[in-house]
Amino acid sequence: MFSSQLKSRRILFVDDEQALLDMAVSILKDSGFENIKTAATVREAVEIAKSFSPELAVLDVMLPDGNGFTLYEKLRTFTDIPVLFLTALGEDADRIRGLEIGADDYMVKPFLGKELVLRIGNILKRYYGKEDPLVQLAGCVIDFARAEVIKGEERLSLTAKEYNILQALCRNEGRIVTIDQLCEAAWGENPYGYENSLMAHICRIREKIEHNPSKPVSLTTVKGLGYKLTVRKD
Amino acid sequence: MKGMAKLIRHCVGILFVSTILILVLNVCLFVAIFMKQTANIEPWTTAQETALALRQENNGYVLSREMELELASEHAWAIYIDNETLKVKWHTKELPQMVPMSYTASEIAQLTRGYIDGYPTYTGVTEDGLMVLGYPKDRFWKHMSPSWDYDFIKNVPAILLIVLGVNIAAIGLIYLVTNTKFLKSVTPLARAIEELPSGQLEELKEQGLLVGLAVKINQTAQILQVQQQKLRKKEMARANWISGISHDIRTPLSLVMGYAGQLEENLLLSEEDRMKANMICHQSIIIKNLINDLNLASKLEYHMQPFEEKEINLCTVVRQSAADFVNSDFAGIYRIKLETTKDAEVCRVRGDQRLLARAVRNLLDNSRSHNPKGCCIWITIQTEREACLLSVEDDGVGISKENLHKLRNTFHYMMDDTGIEEPRHGLGLLIVQQIATAHNGAVFLDHGKNGGFQVLMKIPLLNKEADGRTTDL
């Protein structure tokens, strides 16, 4: 699922529970992540971060000599690596605080090993993987770098609104994106009352990306909820 | 203070009615006494009858036997004065010694109006003379000058009205004077009693007529405050305890889930062992969800859950939750049909978006957990008067009448009567109810029209005209 290049990235895992550290390392190693170091305190974590130069840090919030949020601030003084909080603090206020200060993800214990691996992998992919600007659909290719749809020999330009809508759909490929989310992507905050305009834009996008716009295959409607983009995976 | 005003109105009403009753009673008594007083013309009548009962015979004057007996029974005496001589021509046997035997015109005038030697006298006339009846001294009091001015008689109705008015005013004044002080003492007490349930009572001044009562109210308020504080402390301790337990259990549960997940993936293990690991993992997720639910339910119960209130389009929240649900339905066995009316699409409610999303998610999860083989879920949103109605209904296994009845009474109760593996006790619906209550709304449970289960959530609409406030349902 993740390239060996991504799996070779250095990971710092900070938690005051040795048993949990052992388990996390075991799970990550089973999944192919090899470069992992652990720390149980803020002080130890800062020291290891300086010597080990991790490329991703997984931080617990409640630590014996401080908390994960202050550790995050300390790490930020010398590195801008992605950070995932993994903590027992599951309150909304804690999650929001973690994400607000700039963490890339926030996971609440207890967690499934698979979920941890996937989240770490996705963060690494976002940071260190190269995003392909070309998205393959059933009847065409979308080139986000040029804001174009390549349909055989034909190149069709995307308008700004179409581009934003398609990007929102691509980010959630295979998942339903609600009408409200798409309106927000195209028109920003307070997107109420744009439902009809959205439908018009969807029609135009279908004309560009579908072979038969009246029978869409890539951009399908989920009645009452929203739209779904199906990407071709070769 | 509505009660106080009502009390004052009630007292004034009683006063008014009592005044009228007393007046009517007085009139009745007056009439009764007057009637009795008219009987007091009796001595005059008796005197006249005595005069007529006196007959002149050869030997002089003779009084009839009946009249004699009547006079004797009254202990009265009588004299008959001749018109010409002004001398007593006849008298009864018992006659006080001081009664003169001859009279002048002025003495006759005097005895007619008043007394002879203190004996009240009454007169009756015949053609030849004057009959004078004397009663014992303590029998009658005579009004010596009984004459009335005609102007006065003419003005009697007006005078009566004035007297009545003065009386009422006097009674009112007396009432006001005597009750003002009392009311002054009662008003703060009444206000204090009204404020007692709110628990925000300022200490009463212990003075005035009802000082004892003020002391007792202060004591009661203190007791209530202490009890409320204790209760709040207890509730907080309970919620914190649940929160603490749920926090402490997360790390060990992580280990259980993590290692079980690892074992599940381990191809060196037998299929059976991996299935066992899968079961541990699965049950751990149930424990995790239960802990989260328990934590949220206790916080909602004890009002410790932060409530970030803002204007929300309920359709947007529901649509997002439904999309998330479909996105997480990897097996594709749940079909969602969302229907909204035009009014509902634009309607706004005031509330916490995350909590409302959680309520919708719980309802959808409820359908999922009770119908593991899949079902169709209908979500409808419509408006009704001042409320937004959200209905989540499925065509799944549904619920028996008995269990529906139990569930309506205790939202966390759910009996597993179908033999399905999944435990049916949960806090999902309780949380939905708590979230609805926190939004001044309500939740109704019913059988679905398609044989499944239906939950109807009613959330008050945002009332723009009422300064952005919502109405309690």
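Keep in mind the model is a prediction, meaning the values are calculated, not measured.

**Digging into the overall build of chain B**
Of regular secondary structure, chain B possesses 13 helices and 16 strands. A total of 473 residues make up chain B; the buried ones form 36% of that total. Surface exposure of chain B reaches about 28,900 Å², of which carbon and sulfur atoms provide 59%.

**Section: the overall build of chain A**
In terms of regular secondary structure, chain A is built from nine helices and 14 strands. Within chain A, the fraction of its 234 residues that count as buried is 47%. A total accessible area of about 11,500 Å² is found for chain A, and carbon and sulfur atoms account for 47% of it.

**Examining a nonpolar patch on the surface**
All names here are of chain B. Nonpolar side chains collect at one region of the surface, where Trp148, Tyr150, Phe152, Ile153, Val156, Ile159, Leu160 and Val163 lie side by side and expose about 820 Å² of accessible area between them. At the level of elements, helix H5 (150–154) and helix H6 (156–195) are the ones that each hand at least two residues to the nonpolar patch. A per-element tally of the nonpolar patch places H6 first, with four residues. Residue isoleucine 153 is classed as partly exposed on the basis of its relative accessible area of 43%.

**A closer look at the sheet that holds strand S11 (residues 154–157) of chain A**
Residues and elements named next belong to chain A. Taken in spatial order, the four strands line up as S8-S9-S10-S11 in an open sheet, and their pairing is antiparallel. The sheet terminates laterally at strand S8 (134–136) and S11, the two strands that pair on one side only. Pairwise comparison of adjacent strand axes, ignoring direction, gives a mean angle of 25° for this sheet. In the sheet, S8 pairs with strand S9 (residues 141–143) via three bridges, with the strands oriented antiparallel. Looking across to S9, one finds that glutamine 136 is bridged to valine 141. Packing of helix H9 (residues 195–209) onto the sheet brings it into contact with strand S10 (148–151) and S11, and relative to S10 it is tilted by some 40°.

**Observations regarding the nonpolar core**
Across soluble globular proteins, you tend to see nonpolar side chains buried next to one another. In terms of nonpolar packing, the biggest core is built from 52 residues, with Leu356, Ile379, Leu390, Leu445 and Met457 of chain B touching the most fellow members. Setting aside chain neighbours within four positions, we find isoleucine 379 of chain B in contact with Val318, Ala322, Ile336, Lys337, Leu338, Glu339, Leu364, Leu390, Ser391 and Val392 of chain B. By size, the runner-up hydrophobic cluster in this structure holds 26 residues, among which are Ile165, Cys183, Ile202 and Ile205 of chain A.

**Description of the interface of chain B and chain A**
If you look at the interface, chain B gives 29 residues, while chain A gives 29 residues. Across the chain B to chain A interface the summed buried area is about 2,700 Å²; carbon plus sulfur atoms make up 57%. Our enumeration of links across chain B and chain A arrives at four salt bridges. With a shortest N-O distance of 2.1 Å, aspartate 92 of chain A and arginine 354 of chain B are connected by a salt bridge.

**Description of the sheet that holds strand S5 (residues 115–116) of chain B**
Residue and element names in this part refer to chain B. On the basis of which strands lie adjacent, the open sheet formed by five strands has the order S4-S3-S7-S6-S5 and antiparallel pairing. Each having just a single partner strand, strand S4 (88–91) and S5 make up the two edges of the open sheet. Most of the contacts of helix H2 (residues 42–53) go to strand S6 (residues 119–125), to which it runs at about 50°, and overall it touches strand S3 (77–82), S6 and strand S7 (129–134).

**Overview of the environment of valine 397 of chain B**
Residues and elements named next belong to chain B. By the secondary structure assignment, valine 397 is in the loop between strand S12 (387–394) and helix H12 (401–409). Among the residues examined, valine 397 registers a relative accessible area of 47% and is labelled partly exposed. Put simply, valine 397 and glycine 451 are 54 residues apart on the chain and 7.3 Å apart in space, counted from C-alpha to C-alpha.

**Examining the pattern of salt bridges**
With the rule as written, the count across this model stands at 29 salt bridges over all chains. The salt bridge partner of lysine 109 of chain A is aspartate 60 of chain A, with a shortest N-O separation of 3.7 Å. One end of the pair, lysine 109 of chain A, is in the loop between strand S7 (105–108) and helix H6 (113–128); the other, aspartate 60 of chain A, is in the loop between strand S3 (56–59) and strand S4 (62–63), with 49 residues separating them in the sequence. Overall, the relative accessible area of 3% leaves aspartate 60 of chain A in the buried class. A salt bridge links aspartate 446 of chain B to arginine 408 of chain B, with the shortest nitrogen-to-oxygen separation between them at 3.5 Å. Of this pair, aspartate 446 of chain B sits in strand S13 (residues 442–447) while arginine 408 of chain B sits in helix H12, placing them 38 residues apart in sequence. A relative accessible area of 34% places aspartate 446 of chain B in the partly exposed class.

**Some words on unusual backbone geometry**
Cis geometry marks the peptide bond from lysine 109 of chain A to proline 110 of chain A; its omega dihedral reads -5°. With respect to the helices, strands and loops of the structure, proline 110 of chain A is situated in the loop between S7 and H6. A positive phi angle, near 50°, is found at arginine 385 of chain B, a position not held by glycine. Among the secondary structure elements, arginine 385 of chain B is positioned in the loop between strand S11 (375–384) and S12. Using a relative accessible area of 80% as the deciding quantity, one classes arginine 385 of chain B as exposed.

**Focus: the side chain of serine 284 of chain B**
Residue and element names in this part refer to chain B. Structurally, serine 284 is set in helix H8 (residues 271–301). Given the relative accessible area of 3%, serine 284 is considered buried. Leave out the neighbours within four places in its chain, and serine 284 touches Leu253, Val256 and Met257.

**Quick notes on the state of the cysteines**
A covalent bond between the sulfur atoms of two cysteines is referred to as a disulfide. Within the structure shown, the criterion is met by zero disulfides over all chains. Left unpaired, cysteine 376 of chain B is separated from the closest cysteine sulfur, that of cysteine 375 of chain B, by 7.3 Å.

**Structural notes on helix H9 (residues 314–328) of chain B**
Three- or four-residue spacings in an α-helix give side chains the same orientation, since the helix completes a turn every 3.6 residues. Residue and element names in this part refer to chain B. The end-to-end C-alpha distance of H9 is 21 Å, a good match for the 21 Å that 15 residues give at a rise of 1.5 Å each. Judged by how many residues are buried, H9 sits mostly within the fold: eleven of 15 residues are covered. Within H9, the full set of buried residues consists of Leu314, Cys315, Thr316, Val317, Val318, Arg319, Ser321, Ala322, Ala323, Phe325 and Asn327. One side-chain oxygen of the residue at the start of H9 lies 2.8 Å from the amide nitrogen of cysteine 315, identifying that residue as asparagine 313.

**Quick notes on the side chain of glutamate 393 of chain B**
Residues and elements named next belong to chain B. Here glutamate 393 shows up in strand S12. Looking at glutamate 393, its side chain comes within polar contact range of the main-chain nitrogen of asparagine 450, at 3.3 Å. Ignoring any residue separated from it by four or fewer positions in sequence, one finds glutamate 393 in contact with Cys376, Ile377, Trp378, Gly448, Lys449, Asn450, Phe453 and Gln454.

**Focus on the packing of aromatic side chains**
Residue and element names in this part refer to chain A. Counting across every chain of the model gives 14 aromatic pairs over all chains. Ring centres of phenylalanine 69 and phenylalanine 85 lie 5.1 Å apart, and the angle between their planes is 65°; this geometry places the pair in the edge-to-face category. On the criterion of sequence distance, the pair formed by phenylalanine 69 in helix H4 (residues 68–76) and phenylalanine 85 in strand S6 (residues 83–87) is long-range, its members being 16 residues apart. Residue phenylalanine 69 is classed as buried on the basis of its relative accessible area of 4%. Taking relative accessible area as the criterion, phenylalanine 85 reaches 0% and is therefore assigned buried. Each ring, one from tyrosine 127 and one from tyrosine 128, has its centre 6.0 Å from the other, and the planes form 50°; the classification is tilted. Aromatic rings pair up to connect Phe69, Tyr72, Phe85 and Tyr106 into one cluster.

Parameters at a glance
- Residues numbered from 1 in each chain as written.
- Chains lettered and ligands numbered in written order.
- Predicted model: local features only at pLDDT ≥ 70, side-chain atom pairs only at ≥ 80, totals over all residues.
- Heavy atoms only, no water.
- Helix = DSSP H or I, 4+ residues; strand = E, 2+ residues; numbered from the N terminus.
- Buried < 20%, exposed > 50% of the residue type's maximum accessible area, 1.4 Å probe, protein only.
- Areas by Shrake-Rupley, 256 points an atom, 1.4 Å probe, with all protein chains shown as cover.
- Patch = residues over 30% accessible without salt bridge, like charges linked within 9 Å, V, L, I, M, F, W, Y side chains within 5 Å.
- Salt bridge = Lys/Arg side-chain N within 4 Å of Asp/Glu carboxyl O.
- Pairing = 2+ DSSP bridges.
- Axes fitted to C-alpha atoms, helices over the stretch in contact; angles between N-to-C directions.
- Contact = heavy atoms within 4.5 Å.
- Core = buried A, V, L, I, M, F, W, Y, C linked by side-chain atoms within 4.5 Å.
- Buried area = accessible area lost by both parts, 1.4 Å probe.
- Disulfide = S-S within 2.5 Å.
- Expected span 1.5 Å × (residues − 1).
- Polar contact = N/O pair within 3.5 Å; in protein donor to acceptor, adjacent residues only side chain to side chain.
- Phe/Tyr/Trp six-rings, centres within 6.5 Å; stacked < 30°, edge-to-face > 60°.

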